[in-house]
Amino acid sequence: MKSVIYLDNAATTRVKPEVIEAMLPFYTGNFANPSSTYKVAQENRACIEECRKSIAATIKADAKEIYFTAGGSEADNWALKSAAEAYAMSDKPPLCNNKNTVFDNYGYTGRKCLKGHIITTKIEHHAILHTALYLEKMGCDVTYLNVDERGIVRLKDLKKAIRPDTFLISVMYANNEIGTIEPVKEIGEIALENNILFHTDAVQAYGHIPIDVNECNIDMLSASGHKLNGPKGTGFLYIREGVELGSFIHGGAQEMGKRAGTENVPGIVGLSKACGLAEVSMKERTIKELSLRDHLIDRILSEIPYARLNGDAKRRLPNNVNISFQFVEGEALLVMLDMEGICASAGSACTSGLSTPSHVLTAIGLPEEIARGSLRMTISEDNTFEELDHVVDVLKDKIFKLRSVSPEYEDYIRRI
Amino acid sequence: MKKKVAVGMSGGVDSSVAAFLLKEQGYDVIGVTMQIWQDEDRCTISENGGCCGLSAVEDAKRVADKIGIPHYVMNFKKEFKENVIDYFMDEYIHARTPNPCIACNRYVKWEALLNRAMEIGCDYIATGHYARVKKLDNGRYAICKSRTDRKDQTYALYNLTQEQLSRTLMPVGEYEKEEIRKIAADIGLSIANKPDSQEICFVPDNDYAKYIREQSGLSFPEGNFVDTSGNVLGRHKGIIHYTVGQRKGLGLSMGKPVFVLELRPETNEVVIGDNEDTFHMKLTADKINLMAIDKLEDEINVTAKIRYSHKGAPCKVRRTKDDEVECTFFEPVRAITPGQAVVFYNDDIVVGGATIKKFM
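Treat the numbers as computed from the prediction; the structure is a model and nothing was measured.

1. A few points about helix α3 (residues 39-58) of chain A
All names here are of chain A. Taking 1.5 Å of rise per residue, the 20 residues of α3 would be expected to cover 28 Å, and the 29 Å separating its terminal C-alpha atoms lies within 8% of that figure. Residues of α3 that are buried: A41, N44, I48, C51, R52, I55, A56 and T58. Seen end-on, α3 carries its buried residues on one side only, within an arc spanning 150°. With respect to the buried face of α3, the exposed residues turned more than 90 degrees away are K39 and K53. At its buried positions, α3 is contacted by α2 (25-28), β2 (66-69), β8 (235-239) and α8 (265-303). Positive backbone phi, approximately 65°, marks K60, located one or two places after α3.

Below is the structure:
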């Protein structure tokens, strides 16, 4: 992808050469199934357990609390659905203090109807939102908390929403569209006080900001490999020890019987390598990203009129820039950027190239005409100041062109 | 420098081949699929022949990839709802029979899409319509019938303005339908055998009465079938279920075929009669668009189509008011329907058109 300027790292990231190098031997060399009896299989077994251990350390968890998945969406689905099933089975949130003996190793649940109450937010990724909608159909009640104009969950709203039958709170660690970092520690405290499970979708945050599941009282956490220079189709769900959930994928005994399927050894190795690299480089890398990010934001806000930054200037992922340009059709802008070899996005990527107004921008109170003119650019340490300067120049040119044919802009200028 | 054209790609054969032909002709082609479906997350429109749903996007992308052109999806949900869906429902509610394709062409494809295409730097838009755009000797642009008379789609294009036409390319109109399918097969498009879309693209199961009831929340009460003398013949299930000239689905056994003559929303009656009673000689129409000519002062002789499937009949057209014309046919014409378009032709060329108010 040499001829493009890639600014869509929230959608996916480049796989680092070291990651590929670490993975290859498991394709070209020892391809054995870790569950088999013989020596080479046992080597792979040991290998993935090592990976599990090293990933656990990155969030201060225990190895046995890490479950490998095929990505963040799967982890999100797992966390919500299994928590709901467990609650419906037992009437108690499946927390450490409530010993649930209803599950055997294979987690057979047997019940169909769900109940109870989940609290989440309006700005979650669709993998959480659509799962929550599904659970609502299956019998759960769900409260979707509003956020303030920066995208931050109001803690008092959260407290007010809690009911006796609330068994799960799911709030994302940081938002994928506007980069807002949520008050996860405080939410964890509230969950703990009220004996409620706390899950966080950390897909965008993990690898970019330090996470300590104990400090924040997190019970479950979703992460995805391809957001941190790892392979696509990999990820993990952290489940605190003592949280008793049923199986998510039934079948073989892999992942403690909770998530069957032959382990994706090369994927896990790649994921682990990526997680390790991300941890080691985090401090320095994020300083660099922050300065690139702020340079981009500063230039845009000072050189392009009628532009606003979405989210919070400070409580924001180091790589996230999200700006609304008034009197501009974001869709047209994206196409024009593509013609100049610049890759960015308007909403989130997960709607298969469809162009839908962002639920996140709506939740922070942006009127539709402003939300339509939004652009998300998520940088990486690979970007340079020269590249970003070029992007700003292109933006100025294209936005000028779009505004010059916009009847709303003409009206506005005439009136002032 | 190469001229840039945005081709509206529905994922069907015609628009796919249109894109290919324009690329062959040397244009810088961009494929665009309009996102018009209202269902927020998943498309409920049927797989085969459903225009502009998720599977349509996938088909269009595959074709774009095969041909070697970029492809984008553009969101016109709001414009489509306001100009096509709301119009559609409103017309039925007022006992007229709408033509949503005409509204979509005028306000969505040739307005919203054309504007977006020009914003991103295109010189033209193109579609896979069986029609041609010609510049006439008098300097005006006009839509001209395609070579495939069978599949002529000019009826739905009468409402386009000169400005819009000057920025339109329609490559498919020069070919026969079979030739188009053959080109599609030759270039290896798997959609070569895809059936043509037939129904209203936003009404999933073609049950438009159900759609209108559900979307509007209104109920359309039963009323009386009456004959031309006012005698009650039976009960109808709600005025939106009927259109002028309709024979099927009336639920009346009169011992002979009977037809809908007229809808009377004021009294919620549907007038029934014999086939001969559905024929009339005159109609009035408003919301005129002139195409091949720039003014209508004297009476003119044209061939008029009063429906997409109508073969056309000779008539005289004269202006009765600022925005009203009266058409007098030489022979009685069957089932003139308020709300439908009357489109005037001079041989192959669209002279203009208007929306039918009533028959006389």
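2. Thoughts on a negative patch on the surface
Among the surface-exposed residues, D294(B), E297(B), D298(B) and E299(B) lie close enough to one another that they form a single negatively charged patch. Taking relative accessible area as the criterion, D294(B) reaches 52% and is therefore assigned exposed.

3. Observations regarding the pairing of strand β7 (residues 220-224) of chain A
Residue and element names in this part refer to chain A. Of all five residues in β7, five are buried; the element is thus mostly enclosed. Judged by which residues are buried, β7 turns out to be covered on both faces: M220, S222 and S224 on one side and L221 and A223 on the other are all buried. Direction of pairing for β7 relative to β8: antiparallel, over a ladder of five bridges. Its bridge partner lying in β8, M220 is registered against I239.

4. Quick look at the sheet that holds strand β8 (residues 223-226) of chain B
Residues and elements named next belong to chain B. Read from one edge of the open sheet, four strands run β9-β8-β11-β10, paired in mixed fashion. Because the sheet does not close on itself, it has two edges, and the strands there are β9 (232-236) and β10 (259-264). Neighbour to neighbour, the strand axes of the sheet diverge by 30° on average, direction disregarded.

5. What about the packing of aromatic side chains?
Enumeration over the complete set of coordinates arrives at 17 aromatic pairs over all chains. Ring centres of Y306(A) and F327(A) lie 5.7 Å apart, and the angle between their planes is 80°; on these two criteria the pair is classed as edge-to-face. Here Y306(A), found in the loop between α8 and β9 (307-309), pairs with F327(A), found in the loop between β10 (320-325) and α9 (330-339); they are 21 residues apart in sequence, far enough to count as distant. On the basis of relative accessibility, which here comes to 28%, the residue Y306(A) falls in the partly exposed class. Judged by centre distance (6.3 Å) and plane angle (75°), the rings of Y306(A) and Y409(A) are edge-to-face. With Y306(A) in the loop between α8 and β9 and Y409(A) in helix α13 (residues 407-415), the pair connects residues that are 103 residues apart, well separated along the chain. What links up through ring pairs into an aromatic cluster is the set F80(B), F88(B), Y92(B), F202(B), Y208(B) and Y211(B). Lying over the aromatic face of Y134(A), K81(A) brings its terminal NZ or CZ to 5.0 Å of the ring centre.

6. Quick look at the pattern of salt bridges
Where charged atoms from two side chains of opposite charge approach closely, those side chains can pair. Inspection of the entire model under this criterion finds 50 salt bridges over all chains. Residue E49(A) is joined to R45(A) by a salt bridge in which the shortest nitrogen-to-oxygen separation is 3.2 Å. Residue E49(A) and its partner R45(A) are located together in helix α3, separated by four residues, close to a single helical turn. Residue classification places E49(A) among the partly exposed residues on the basis of a relative accessible area of 30%. Between R259(A) and E74(A) there is a salt bridge, with the nearest N and O atoms lying 2.6 Å from each other. Of the two residues, R259(A) sits in the loop between β8 and α8 while E74(A) sits in helix α4 (residues 72-90), which places them 185 residues apart along the sequence. A relative accessible area of 15% places E74(A) in the buried class. Salt bridges here are not isolated pairs; linked through shared partners, they connect E329(A), E331(A), E368(A), R372(A), E79(B), R116(B) and E119(B).

Cut-offs used in this document
- Residues numbered from 1 in each chain as written.
- Chains lettered and ligands numbered in written order.
- Predicted model: local features only at pLDDT ≥ 70, side-chain atom pairs only at ≥ 80, totals over all residues.
- Heavy atoms only, no water.
- Helix = DSSP H or I, 4+ residues; strand = E, 2+ residues; numbered from the N terminus.
- Expected span 1.5 Å × (residues − 1).
- Buried < 20%, exposed > 50% of the residue type's maximum accessible area, 1.4 Å probe, protein only.
- Arc of directions from axis to C-beta.
- Contact = heavy atoms within 4.5 Å.
- Patch = residues over 30% accessible without salt bridge, like charges linked within 9 Å, V, L, I, M, F, W, Y side chains within 5 Å.
- Areas by Shrake-Rupley, 256 points an atom, 1.4 Å probe, with all protein chains shown as cover.
- Salt bridge = Lys/Arg side-chain N within 4 Å of Asp/Glu carboxyl O.
- Lys, Arg positive; Asp, Glu negative; His and termini not counted.
- Charge placed at Lys NZ, Arg CZ, Asp CG, Glu CD.
- Pairing = 2+ DSSP bridges.
- Axes fitted to C-alpha atoms, helices over the stretch in contact; angles between N-to-C directions.
- Phe/Tyr/Trp six-rings, centres within 6.5 Å; stacked < 30°, edge-to-face > 60°.
- Lys NZ or Arg CZ within 6 Å of the ring centre and 35° of its normal.

What is shown is where atoms sit, not what they do.
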